[in-house]
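One letter stands for each residue in the lines below.
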Amino acid sequence: MFTPAVVFNALELGCIYSLVALALFLSFRVLNIADLTTNGAFTLGCAVSATAAVAGHPFLGFFLAMAAGAAAGGITALLQTRMGVPSILAGIITDTGLYTVNLAVMGFSSNVSMLKTATAFTLLRDVMGEQSPYKLLLAGAVTLLACVLLIAFLGTRLGLSIRATGDNPDMVRASSINTAFTIMVGLCISNSLTALSGAVLAQYQRSADINLGNSMVVIGLASLIIGETILGTAHRSSIWLKAAAAVAGSVIYRFIIALALRAHVPAESLKLISAVIVALAIAAPALKAHYDFRRARAKAQAALEKAEGGRG
Amino acid sequence: MLYLKNVTKTFNPGTVNEKLALNNISLHLAPGDFATIVGSNGAGKSTLFNAITGDFIPDAGTVTLNGRDITLIPDYRRAKVIGRMFQDPLRGTAPGMTIEENLALAYLRASGHTSPLSRITARERAQFAERLAELGLGLEDRMKQPVGLLSGGQRQALTLLMATVVTPKLLLLDEHTAALDPATADKVLALTRRIVAEHKLTCLMITHNMHDALSFGNRTLMMDSGRIVLDVAGTEREKMTVDDLLDRFAESAGHALDNDRILLSREEG
Ligand SMILES: Nc1ncnc2c1ncn2[C@@H]1O[C@H](COP(=O)(O)OP(=O)(O)OP(=O)(O)O)[C@@H](O)[C@H]1O
Ligand SMILES: [Mg+2]
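Scope of this entry: the structure provided in the associated data block. Since we're looking at a predicted model, the values are computed, not measured. (Residues numbered from 1 in each chain as written. Chains lettered and ligands numbered in written order. Predicted model: local features only at pLDDT ≥ 70, side-chain atom pairs only at ≥ 80, totals over all residues. Heavy atoms only, no water.)

### Focus on the interface of chain A and chain B
Link 1 in the chain: With 20 residues of chain A in contact, the opposing surface of chain B contributes 28 residues.
Link 2 in the chain: When the two sides are added together, the surface that chain A and chain B hide from each other amounts to roughly 2200 Å², 56% of it contributed by carbon and sulfur.
Link 3 in the chain: At the boundary of chain A with chain B, the tally comes to four salt bridges.
Link 4 in the chain: We note a salt bridge from R173(A) to D75(B), for which the minimum N-O separation is 2.5 Å.
Link 5 in the chain: Inspection of the region where chain A meets chain B yields 14 residue pairs in polar contact (both at pLDDT 80 or more).
Link 6 in the chain: Contributing elements (two or more residues each) for the side of chain A that touches chain B: α6 (134-154), α7 (157-167) and α8 (169-174) of chain A. (Contact = heavy atoms within 4.5 Å. Buried area = accessible area lost by both parts, 1.4 Å probe. Salt bridge = Lys/Arg side-chain N within 4 Å of Asp/Glu carboxyl O. Polar contact = N/O pair within 3.5 Å; in protein donor to acceptor, adjacent residues only side chain to side chain. Helix = DSSP H or I, 4+ residues; strand = E, 2+ residues; numbered from the N terminus.)

Below, the structure is given as structure tokens:
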């Protein structure tokens, strides 16, 4: 069922998209912000990286994409912390604005093709040879590097204050740290990771498209939640495990998609499946509490009936 | 040390909910002063603290700390020199992070000189363990555990340590033992007394326990409807009983103290 080509493809895509899951781990789990900049930042990464590659700078494109993503995250953070825009709306506003920016970056065209362009992947292929797993190597290396840097960063004093911002902002301010600043740094980093994901993906598939980032926030969250559920990291405190879960979830998600495509499930229906996964996973604690309550009530009622039956 | 000059604050001005919470308050604390504050519900005690820490900018008046006018300085900057504790044990710590990480954050107040990208050093870790051991709660063996696992009393003790790990110029305690059971509250209060004495801290402590109000520190303030209605210290205070204090309050405020929790504590004593 899974040919080596399919497995490699899922691994490669899993690695590339896991940067979005890592980004959402930072914004959604650590900072406790549902950051809807994600969709636009992903496309922004695609656009910048493709345009840079076409101009002959594929590797530089990755860094430019990260800088652009950080700027997008910074705008969302500014709207939220300085201008009192609710966080969800701040993300939507940036995302909407980014649509135009992304088109502009791609020269007001809705897609950029890189079929005849040297990309980071083709350059590596030229060095390593057609038969080598160069795609997986590059995608894996970028992900690993991002993971290591992110984890190292979260252990620093600034990283600690960002983690505490999602946990107890009052206490962060009481430690003489401005939470507007920690939110800003956190969202810059998370969106630069998202943009890097888009940047790598565009060069990987040799095309960028204005719609590539659609639903990326839901897909990323689905991946993150799948990983957390399977590795059981929701209640663990190790940051390493949590990052590993984001990557693992993303790879698993890509395998699920590969499986679905094999089973001739139309690709369009996958979004519905992702949406259901995210809705159920986020609703799970509330659903469980409701279920426990009903069970306790049924039990109490049964006990009561039994007692009354005994008397009568 | 701390000067408040004619500080006034009205919440929701011009609406039906208009509330004059601080009414032209002036207060001077000398270095090393430890004043307790008692007062009716809604008298403005917590609001007074909020004005000092910078939760809001007062409508009028100035706040000066150590000769520096801090009225317009944002709260997080003032936190460098002001330690604060709340009644709610959940407010002072980050539950998802370990004891060590929480202390490291509190320690940031000292480190104008350390880089934001530096990590907790072995030396700091040893220091934290030492300070934790002084609490006598065995927390030094649990430094890698999330604070969310600690009891309310343990958390308040940790918060007290966090507020004082970098010696603050001013320590503000807002009924910090009110949510604890009596035995634990006594422990945390004993710790408070010790730490304040050890570091010769200047301290304001809101309490609803009239005995504590007289036995802690060197000065007692009473508040009512946004004003400080009574300020006693020295021999006058030493001779005072709880009943004297309540009588003096009624005299100055024009009505008896109506804080339900305070009346309870009166009967206990
Ligand atoms: N942010 C706010 N917005 C509107 N009103 C407020 C605000 N903070 C305090 N108040 C009002 O100001 C008054 C003083 O409140 P404060 O919390 O200072 O009382 P307190 O003396 O601490 O009382 P307690 O003993 O109950 O803690 C109250 O009437 C309160 O409702
Ligand atoms: Mg209060």
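### Section: the site of ligand 1
All names here are of chain B.
Link 1 in the chain: Looking at ligand 1, there are 14 residues lining it, with G42, G44, K45, S46 and T47 nearest.
Link 2 in the chain: Interatomic distance of 2.9 Å between a backbone N/O atom of G42 and an oxygen atom of ligand 1.
Link 3 in the chain: The backbone of G44 places a nitrogen or oxygen atom 2.9 Å from an oxygen atom of ligand 1.
Link 4 in the chain: Contact with the protein chains hides 62% of the accessible area of ligand 1, taken as 640 Å² for the molecule alone.
Link 5 in the chain: Of all the secondary structure elements, the ones that give two or more residues to the shell around ligand 1 are β2 (19-29) and α1 (45-53). (Near = heavy atom within 4 Å. Areas by Shrake-Rupley, 256 points an atom, 1.4 Å probe, with all protein chains shown as cover.)

### Concerning the nonpolar core
Residues and elements named next belong to chain A.
Link 1 in the chain: Judged by nonpolar contacts, the single largest core of 76 residues is most densely connected at L22, F42 and L201.
Link 2 in the chain: Looking at which element gives the most residues to this core, the answer is helix α1 (residues 4-30), with 14 residues.
Link 3 in the chain: Not counting the four nearest positions on each side in its chain, F42 is found in contact with Y17, V20, T194, S197, G198, L201, L212, G213 and M216. (Core = buried A, V, L, I, M, F, W, Y, C linked by side-chain atoms within 4.5 Å. Buried < 20%, exposed > 50% of the residue type's maximum accessible area, 1.4 Å probe, protein only.)

### Topic: the packing of aromatic side chains
Residue and element names in this part refer to chain B.
Link 1 in the chain: Within this structure, the stated rule accounts for six aromatic pairs over all chains.
Link 2 in the chain: Summarising the aromatic geometry, the rings of F34 and F216 are spaced 6.3 Å apart at their centres and angled 70 degrees between planes, so their arrangement reads as edge-to-face. With a gap of 182 residues between them, F34 in strand β3 (residues 34-39) and F216 in the loop between α7 (210-215) and β9 (219-224) connect regions that are remote in the sequence.
Link 3 in the chain: Using a relative accessible area of 7% as the deciding quantity, one classes F34 as buried.
Link 4 in the chain: Residue F216 is classed as buried on the basis of its relative accessible area of 3%. (Phe/Tyr/Trp six-rings, centres within 6.5 Å; stacked < 30°, edge-to-face > 60°.)

### Things to note about the sheet that holds β3(B)
Residues and elements named next belong to chain B.
Link 1 in the chain: Ordered in space as β6-β7-β8-β3-β9-β10, the six strands form an open sheet in which the pairing is mixed. The sheet is open, and its two edges are formed by β6 (82-85) and β10 (227-233), each paired on a single side. The sheet shows a mean angle of 15 degrees between the axes of neighbouring strands, taken without regard to direction.
Link 2 in the chain: Where β6 lies against strand β7 (residues 170-174), four bridges are found, and the strand directions are parallel. For G83, the partnering residue across the bridge sits in β7 and is L171.
Link 3 in the chain: Contacts between helix α5 (residues 152-164) and the sheet are confined to β6 and β7, with β6 contributing the most and set at about 170 degrees to the helix. (Pairing = 2+ DSSP bridges. Axes fitted to C-alpha atoms, helices over the stretch in contact; angles between N-to-C directions.)

### Describing the layout of surface pockets
Link 1 in the chain: In this structure, the largest pocket encloses a volume near 1400 Å³.
Link 2 in the chain: Lining of the largest pocket is provided by 40 residues; of these, A234(A), R236(A), S237(A), K242(A) and G96(B) occupy positions nearest its centre.
Link 3 in the chain: Elements supplying a minimum of two residues to the lining of the largest pocket: α1, α6, α7, α10 (216-231), α11 (239-262) and α12 (270-311) of chain A together with α3 (99-107) of chain B.
Link 4 in the chain: Classifying every residue of the lining of the largest pocket gives 18 nonpolar, 11 polar and 11 charged.
Link 5 in the chain: By volume, the second largest pocket amounts to about 540 Å³.
Link 6 in the chain: Around the second largest pocket, the lining comprises 24 residues; the ones closest to its centre are Y17(A), R254(A), I257(A), L261(A) and L270(A).
Link 7 in the chain: Counting residues per element, the ones that place at least two in the lining of the second largest pocket are α1, α9 (179-205), α10, α11 and α12 of chain A.
Link 8 in the chain: Broken down by element, the residue count for the lining of the second largest pocket peaks at six residues, all from α11(A).
Link 9 in the chain: Looking at the lining of the second largest pocket residue by residue, the classes come out as 15 nonpolar, five polar and four charged. (1 Å grid on protein atoms, 1.4 Å probe; cavity = no way out; pocket = protein on both sides within 12 Å on 5 of 7 lines; lining within 4 Å. Points joined across faces, edges and corners; volume = space filled by probe spheres on them. Nonpolar A, V, L, I, M, F, W, Y, C, P; charged D, E, K, R; others polar.)

From the geometry alone we can't say anything about function, so treat these as descriptive.
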